[in-house]
Amino acid sequence: MHDLPSERPRLSPVDSQVPWWKRTTTYQIYPRSFADANGDGIGDLRGILGKLDYLQRLGVETLWLSPFFQSPQADFGYDISDHFAIAEEYGTMDDVRALIREVHARGMKIVLDMVLNHTSALHPWFAASRRDRGDPKRDWYIWRDGRKPGGKAPPNNWRSMLGGSGWHYDEATDQWYFASFLDFQPDLNYRNPEVKAAMLDVVRHWFAQGADGLRLDIFNALFKDASFADNPFSWRPMPTESNPHGFFQRHIHTIDHPDTIAFARELRKVVDEFADPPRFLVGEVFGDAAMLRRYCGEAADGLHLVFLFETLNARWQGRHVRALIQAFEHAFPEPFSPTFVLGNHDRPRSIHRLRGGRDEAKLLAALQLTVRGVPFIYYGEEIGMDNHDIPLHEGLDPVSARFRMAPRWLVRWFRRRGVLLNRDECRSPMQWDASKNAGFSPDDATPWLPLHRRSAAVNVATQEGDPESILCCYRNLLALRREQPALQWGQLAWIAAPRLPDNVVAFRRILPGNGAGAVEVFLNFSKRVAELDLSAYAGRVLFSNRTGQRSAVPPAYTLRGFEAVVVLDQP
Ligand code: NOJ
């Protein structure tokens, strides 16, 4: 397999009218785990700066960085104590400026992670709020009296997203505060106009610093119902990717509140103040595709994108893949755009679900980078980094602490359903080379999490030189996507070929007007070979994850097990 020749992107005037964020490819960096420049065992901003050439050569266009703001790091940055300052272990404001500058100098974009829903309990706002019922900041968070007798029971039955009551008793003022996630992440009260104004200032500040977009953490939890009525009972024990209700209640008063959906439009207006260049918002929300679309606004005037997480638990068989894409297409027709996610810092790594299958990993990469929607690649996915088994009791992740005492059967039950109770497992240091610390940290440092035991075999340096590697496959696909506008923003249509086996997913990406030719994609979700009749096409084979060769289209093509083939149909 050889690197595909890079052809000049053919951007027509029409292409340039399609907003960049709809055409882009995104790569998520978990700063703590990516590259440690100062040798303290913790990844940092200077480390990321040093890897920009790698990222540019990989071919991703937009970088999303998990939070690097000041934080006690109880949830590794998703607990912010100052939205305007940088956590010392990650660097300085000058480093952020340098990073933004260098990313832009390479023609790339940068997306920051914004936690609007809550702050750290150590944020000065919360410190003031909990000090005294009369403090001006009291109403910035959600405080209520407990239920009788004696106020010692939580105000109502609202649960956190992890199960268990979302209410936490605070002795100092004899009231309870609400937290959608963990107790040290108190929810802000968006019904207080001062809170809303303060958080919109944070958003404006980071756009003014040059951020091209924001990823919005648990955006679906922002507004709670003002009635504080109990959530209704439900028989659902567990939330899933497509249905956030569970723990025996429907979270109608705490999740997906109509006021949150309305706020998406308010936030959009703030983003639209920054038109040159345009910026974008991508929301972390949970539910089925139709529900999630509501966050984008009826008139596409809400969040630009929302994560579609059903792919994280998908069954990779032909008919399931077709059904998934169909659901995305149905819910996100133009001018909306789906997203395509295979992993992130909360979920098992995608190759783990494939039981290490490298061919399958390359096939999924081909699906992700050829299907309609904005792809989000999680760091290390491009080399097939796997989960690192770390026992619950050794976990640094605060979620693992919460489940440490859980009965064994429950832990196994979660595992079988692909829920990570110790998210350290998918956050191990990036594997750059075969050295002791895998090139993440200098060899005399101790990385904050142990390296994966296969880091000497699975790393960037070994794959660089291997044309059969997952890394080269990603590079080739990313280059192909840059070269073919139809793959970036073309419509998707199914290829109806009656003789195609059920496990071959085949679609065509086509630009309106079809000036540039259509791109056809054939993905074999089975280990069995399949014969393709390509006699109707006159063009070129642009990509195969098995042979890597470009060639004229043959009349018949034997699609091998887990092979992906992309054909340009252009006489
Ligand atoms: C979702 C984030 O992805 C996760 O890492 C974090 O722990 C929670 N939100 C709380 O902010």
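In short, a report on the structure.

Analysis parameters
Residue numbers run consecutively from 1 along every chain, following the written order of its sequence. Given that this is a predicted model, residues contribute local features only at a pLDDT of at least 70 and side-chain atom pairs are listed and counted only at 80 or more, while totals for whole chains, interfaces and linings are drawn from all residues. Here the side-chain values reflect all heavy atoms present in the structure, with hydrogen atoms and water set aside. Ring geometry is summarised as follows: Phe, Tyr and Trp rings, the Trp one being its six-membered ring, pair when their centres sit within 6.5 Å, and such pairs are stacked at plane angles under 30 degrees, edge-to-face over 60 and tilted between the two. In this text, helices come from DSSP runs of H or I with a minimum length of four residues, and strands from runs of E with a minimum of two, each type numbered from the N-terminal end. One requirement defines pairing of two strands: DSSP has to find at least two bridges between them. Here a residue-residue contact requires only that any non-hydrogen atoms of the pair lie within 4.5 Å. Only the stretch in contact is used when fitting a helix axis, every axis being a line fitted to C-alpha atoms; angles between N-to-C directions are given from 0 to 180 degrees. If a single non-hydrogen atom of a residue is within 4 Å of a molecule or strand, that residue counts as near it. Pairing of N or O atoms within 3.5 Å defines a polar contact, subject to two protein rules: one partner must be a possible hydrogen donor and the other a possible acceptor, and residues neighboring in sequence count only if both atoms are side-chain atoms. Here the accessible surface of atoms and residues is derived via Shrake-Rupley with a 1.4 Å probe, and residues count as covered only by protein chains that are part of the display. Amino acids are sorted into nonpolar (Ala, Val, Leu, Ile, Met, Phe, Trp, Tyr, Cys and Pro), charged (Asp, Glu, Lys and Arg) and polar (every other residue, Gly among them). Of the grid points, spaced at 1 Å and generated over the protein atoms alone, those admitting a 1.4 Å probe that cannot get out make up cavities, while open sets with protein on both sides within 12 Å along at least five of seven lines make up pockets; any residue with an atom within 4 Å of a point is treated as lining. Grid points are joined across faces, edges and corners, and a volume is the space filled by probe spheres set on the points. Domain ranges listed in this record stem from an automatic or a database domain assignment. Here the angle decides the label: under 35 degrees means roughly parallel, over 145 means roughly antiparallel, 65 to 115 means roughly perpendicular, and every other value means oblique. Note on convention: the crossing is left-handed when the near helix lies turned anticlockwise from the far helix by less than a right angle, right-handed when the turn is clockwise. Think of a salt bridge as a Lys or Arg side-chain nitrogen and an Asp or Glu carboxyl oxygen that are within 4 Å of each other. Only protein chains enter the accessibility calculation, which uses a 1.4 Å probe; a residue whose area is less than 20% of its type maximum is buried, one above 50% is exposed, and one in between is partly exposed.

Working definition: an aromatic ring pair is given by the centre-to-centre distance plus the angle between the planes. One pass over the structure, following the stated rule, counts 40 aromatic pairs. A ring pair is formed by Phe34 and Trp432, whose centres lie 5.1 Å apart and whose planes are at 75°; its orientation type is edge-to-face. Of this pair, Phe34 sits in helix α3 (residues 31–34) while Trp432 sits in the loop between α15 (408–416) and α16 (460–464); the two residues are 398 residues apart in sequence, bridging distant segments of the chain. Arranged with centres 5.4 Å apart and planes meeting at 45°, the rings of Phe207 and Phe274 form a pair that is tilted. Of the two residues, Phe207 sits in helix α8 (residues 193–208) while Phe274 sits in the loop between α9 (258–272) and β10 (280–283), which places them 67 residues apart along the sequence.

A few words on the sheet that holds strand β1 (residues 26–29). Taken in spatial order, the eight strands of this open sheet run β11-β10-β9-β5-β2-β1-β13-β12, and their pairing is parallel. At either end of the open sheet lies a strand with only one pairing partner, and these are β11 (305–306) and β12 (339–341).

Spatially, the six strands line up as an open sheet ordered β14-β15-β16-β21-β18-β19, and their pairing is antiparallel. Two strands close off the open sheet at either side, each with one partner strand: β14 (491–494) and β19 (551–552). Two elements, strand β16 (residues 518–524) and strand β21 (residues 564–569), share six bridges in a ladder whose sense is antiparallel. Each bridged residue has a counterpart across the sheet, and for Phe522 the counterpart in β21 is Val565. On the sheet, helix α13 (residues 358–370) packs against β15 (504–510), β16, β18 (539–544) and β21 and is oriented at approximately 150° with respect to β16.

Before going further, it helps to examine the site of the ligand. Close to the ligand lie 13 residues; Asp75, Asp217, His345, Asp346 and Arg423 are nearest. In this structure, an oxygen atom belonging to the ligand sits 2.5 Å away from a side-chain N or O atom of Asp346. At 2.9 Å from an oxygen atom of the ligand is found a side-chain nitrogen or oxygen belonging to Arg423. When isolated, the ligand has an accessible area of 300 Å², and the protein chains bury 98% of it. Along the lines of polarity and charge, the residues of the shell around the ligand split into three nonpolar, three polar and seven charged.

This part covers the layout of surface pockets. For the largest pocket, the calculated volume is near 1100 Å³. Residue lining of the largest pocket: 45 residues in total, with Pro239, Thr240, Glu241, Phe286 and Arg347 positioned closest to the centre. Both domains that meet at the lining of the largest pocket, namely domain 1 (13–119 + 193–221 + 256–470) and domain 2 (124–178), each give it at least three residues. Taken as a whole, the second largest pocket spans an internal volume of roughly 670 Å³. Looking at the second largest pocket, it is lined by 23 residues, and the ones nearest its centre are Trp316, His352, Arg353, Leu354 and Arg355.

Put simply, α13 and helix α17 (residues 470–483) touch, their axes get as near as 10 Å, and they point 15° apart. What the angle tells us is that α13 and α17 run roughly parallel. The chirality of how α13 crosses α17 is right-handed. Residues Arg358, Ala361, Lys362, Ala365, Ala366, Gln368, Leu369 and Thr370 of α13 touch α17, and the partners they reach there are Ile470, Cys473, Tyr474, Leu477, Leu478 and Arg481. Of the residues that constitute the contact of α13 with α17, the class distribution is nine nonpolar, two polar and three charged.

Taken as a whole and judged by the stated rule, the model has 33 salt bridges. Residue Arg46 pairs with Asp95 through a salt bridge whose shortest N-O separation is 2.8 Å. With Arg46 in helix α4 (residues 45–49) and Asp95 in helix α6 (residues 93–105), this pair connects stretches of sequence that are 49 residues apart. For Arg46, a relative accessible area of 43% puts it in the partly exposed group. Relative accessible area serves as the criterion here: at 9%, Asp95 is assigned to the buried category. In this structure, the salt-bridge partner of Arg204 is Glu273, at a minimum N-O distance of 2.9 Å.

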